[in-house]
Amino acid sequence: MIYNEEFETLPREALDSLQLKRLQQVVQRVYHTVGFYRRAFDEKGVKPEDVRSLDDLKRLPFTTKQDLRENYPYGMFAVPMSSVVRVHVSSGTTGRSTVVGYTKRDIDHWSELMARSFVMAGLTKNDIVHNAYGYGLFTGGLGAHYGAEKLGASVIPMSGGNTKRQIMILQDFGPTAICCTPSYALYLAEHGEEMGVDMKSLKLRVGILGAEPWSEKMRQEIETKLSITALDIYGLSEVMGPGVSMECQEGRHGLHIYEDHFIAEIINPDTGEVLPYGETGELVFTTLTKEAFPLIRYRTRDVTRLMREPCKCGRTHVRMDRVMGRSDDMLIIRGVNVYPSQVESVLVGIEGLEPHYRLVVDREENLDTLEVQVELSESIFESGEIRALQGLEKKIKKDIKDYLGVSARVKLVEPKTLQRFEGKSKRVIDKRTI
Ligand code: DLL
């Protein structure tokens, strides 16, 4: 089944001309409504009229996360706030992060793309969807919710956390599909087993899992432990939220990018040069239909490749491979995006610490853990006051939780004990094998 047969199976030529028409429109619109784009286009010496073919896309400037930060909170919006019906925030920060906005029509499109994704995973209106993506500023919860409702399925708006209750609801309410991160799917499977629940005999049939990188090995484990088909869903708040691309059941290799709404490119992250199909590099998106928060050539920093080979499912949209990594240092910890520099800025704001730290990321019982190791200043260390040290540890924990939204273990270490670096520092040790 295909939710929007007409658009999801458009022949390449028709898709190209639709993309060009929409690209020309969005370029005109951003140039005349968003100061940032006008300046960026002018600096590059390009005008909206210069976009005569899809190939001209590469003449346009990139947009980066930094640009979005500098225009916090609403500087990138292309419509007045009176037309904005919802905002979300890219996960990870409670401070100056990225605010994204949606018009009514944007929400309708997003819901449709999520509905397409559910149908791609084999769902119909007869399914019951247990939605364990977080509801709130994160796009996962509400994105999946609206999509499932659009399809006409029944949604259990579970949100994240409270694992015992989740397992009870999985048993009692009989959901046939689950939406959550892949690591949480494994966590649920293992906790259920510990609680004596036969997780294989639940009614669950399919998992729509994403928001963090995972592997074929994890897929096999999830599929065996929960006796479901586990499929990959990708997205990012800046571009829309979940449902920018989705893996189909037939192909089970690569995620179809909804090309009637987005243009994807792969670039060399160091030079910005556009790479041919099939080559691995950084994924870049241009949105074609978004009204409130259109993006031109947004650098996702996600590393993957694009595949143009036809897919068994009949959809013509290009596929992206699983995300293989990042071209920056962003970490995803329990679904929350964390940059080491954010931890650093919390630490430098606290008295009694040296600016030498190390982050150790691991996975215990399928849940990510973060340990922050930080050097004490000589004076605090020499004072040797236990109470002061305990207070310090508590403060670091609290500030990290407040500013970054993740819980961390804190390990205070003696002055001058962490490794020093002559060249590029390596402050993150990621022990996770996924
Ligand atoms: O994670 C949106 C989402 C919600 C996607 C639910 C799928 C399901 P952000 O919080 O803005 O948005 O984080 C976006 O997460 O740039 C990737 O690095 C990573 N990511 C998202 N989906 C996948 C995936 C949501 N399937 C960032 N595989 C992106 C690997 C993923 N990484």
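Residues numbered from 1 in each chain as written. Predicted model: local features only at pLDDT ≥ 70, side-chain atom pairs only at ≥ 80, totals over all residues. Heavy atoms only, no water.

### Here's the deal with the overall build of the chain
So, step 1. For the chain, the helix and strand inventory stands at twelve helices and 21 strands.
So, step 2. Taken over C-alpha atoms, the radius of gyration comes to 23 Å for the chain, in line with the 22 Å a tight globule of 434 residues would show.
So, step 3. Its C-alpha atoms put the chain at 70 × 60 × 40 Å along the principal axes.
So, step 4. For the chain, the residues scored as buried account for 56% of the 434 residues in total.
So, step 5. When contacts within the chain are restricted to residue pairs at least 6 apart in sequence, long-range pairs at least 24 apart make up 65% of them.
So, step 6. As presented, the chain carries roughly 19100 Å² of accessible surface, and 50% of it is formed by carbon and sulfur atoms. (Helix = DSSP H or I, 4+ residues; strand = E, 2+ residues; numbered from the N terminus. Rg over C-alpha atoms; globule rule 2.2 N^0.38 Å. Buried < 20%, exposed > 50% of the residue type's maximum accessible area, 1.4 Å probe, protein only. Contact = heavy atoms within 4.5 Å. Areas by Shrake-Rupley, 256 points an atom, 1.4 Å probe, with all protein chains shown as cover.)

### Considering the domain arrangement of the chain
By convention, interface size is frequently given as the accessible area that disappears when the constituent parts associate.
So, step 1. Along its sequence, the chain is carved into domain 1 (1-326) and domain 2 (331-433).
So, step 2. Just the C-alpha atoms count here: the centres of domain 1 and domain 2 sit 31 Å apart.
So, step 3. Each partner contributes to the interface: domain 1 provides 18 residues, whereas domain 2 provides 15 residues.
So, step 4. For the pair domain 1 and domain 2, the summed buried surface comes to about 1400 Å²; carbon and sulfur atoms form 44% of the total.
So, step 5. At the boundary of domain 1 with domain 2, the tally comes to zero salt bridges. (Domains from an automatic or database assignment. Buried area = accessible area lost by both parts, 1.4 Å probe. Salt bridge = Lys/Arg side-chain N within 4 Å of Asp/Glu carboxyl O.)

### Observations regarding the sheet that holds strand S10 (residues 262-267)
So, step 1. One open sheet holds the four strands; their spatial order is S10-S11-S12-S15, and the pairing between them is antiparallel. Looking at which strands have only one partner, the edges of the open sheet turn out to be S10 and strand S15 (325-326).
So, step 2. With two bridges connecting them, strand S12 (residues 298-304) and S15 associate as antiparallel partners. Paired with Asp302 across the strands is Arg326, a residue of S15. (Pairing = 2+ DSSP bridges.)

### Considering the sheet that holds strand S7 (residues 229-236)
So, step 1. Spatially, nine strands are ordered S4-S3-S5-S6-S7-S8-S9-S14-S13 in an open sheet, and the strand pairing comes out mixed. Looking at which strands have only one partner, the edges of the open sheet turn out to be strand S4 (154-156) and strand S13 (306-307).
So, step 2. Where S13 lies against strand S14 (residues 319-320), two bridges are found, and the strand directions are antiparallel. Across the sheet, Met307 pairs through a bridge with Arg319, a residue of S14.
So, step 3. Helix-sheet contacts for helix H8 (residues 182-194) involve strand S5 (177-180) and strand S6 (206-210), and the interaxial angle to S5 is about 120°.
So, step 4. Helix-sheet contacts for helix H9 (residues 216-226) involve S6, S7 and strand S8 (241-247), and the interaxial angle to S7 is about 130°. (Axes fitted to C-alpha atoms, helices over the stretch in contact; angles between N-to-C directions.)

### Observations concerning the pattern of salt bridges
So, step 1. Taken as a whole, this structure holds 35 salt bridges when the rule is applied.
So, step 2. For the salt bridge of Lys65 with Glu238, the shortest nitrogen-to-oxygen distance reads 3.0 Å. Placement of the pair is Lys65 in helix H4 (residues 65-70) and Glu238 in the loop between S7 and S8, with a sequence separation of 173 residues.
So, step 3. Residue class for Lys65 comes out buried when judged on its relative accessible area of 15%.
So, step 4. A salt bridge links Glu112 to Arg116, with the shortest nitrogen-to-oxygen separation between them at 2.9 Å. Of this pair, Glu112 and Arg116 both sit in helix H5 (residues 104-120), four residues apart, roughly one helical turn.

### Describing the environment of Met324
So, step 1. Structurally, Met324 can be placed in the loop between S14 and S15.
So, step 2. C-alpha separation for the pair Met324 and Thr304, spaced 20 residues apart in sequence, amounts to 5.7 Å.
So, step 3. If near-sequence neighbours (up to four positions away) are discounted, Met324 is found in contact with Thr280, Val303, Thr304 and Arg305.

### Notes on the pairing of S12
So, step 1. Here S12 lies mainly inside the structure; six of its seven residues are buried.
So, step 2. Bridge analysis of strand S11 (residues 281-287) against S12 gives four bridges, and the strand direction is antiparallel. Counterpart to Gly281 in the pairing with S12 is Thr304.

### Here's the deal with the nonpolar core
So, step 1. By size, the foremost hydrophobic cluster in this structure holds 77 residues, and its most contacted members are Tyr37, Phe41, Phe118, Ile208, Tyr234, Phe262 and Phe285.
So, step 2. Considering every element that reaches this core, the biggest residue donor is H5, with eight residues.
So, step 3. If you look at the next biggest cluster of nonpolar residues, it comprises 25 residues, including Val338, Tyr357, Leu392 and Leu404. (Core = buried A, V, L, I, M, F, W, Y, C linked by side-chain atoms within 4.5 Å.)

### Some thoughts on the side chain of Glu375
So, step 1. Position of Glu375 relative to the elements: it lies in strand S19 (residues 367-376).
So, step 2. Side-chain polar atoms of Glu375 contact the side chain of Arg420, separated by 2.8 Å.
So, step 3. Excluding anything up to four places from it in sequence, Glu375 contacts Gly352, Leu353, Glu354, His356, Val413, Glu414, Pro415, Lys416, Thr417, Leu418 and Arg420. (Polar contact = N/O pair within 3.5 Å; in protein donor to acceptor, adjacent residues only side chain to side chain.)

### A word on unusual backbone geometry
So, step 1. The omega torsion of the bond from Tyr72 to Pro73 falls at -5°, within 30 degrees of zero and hence cis.
So, step 2. If you trace the backbone, Pro73 turns up in the loop between H4 and strand S1 (84-89).
So, step 3. We note that Arg301 has phi near 70°; this positive angle belongs to a residue other than glycine.
So, step 4. Relative to the helices and strands, Arg301 is located in strand S12.
So, step 5. For Arg301, a relative accessible area of 26% puts it in the partly exposed group.
So, step 6. A positive phi angle, near 50°, is found at Arg334, a position not held by glycine.

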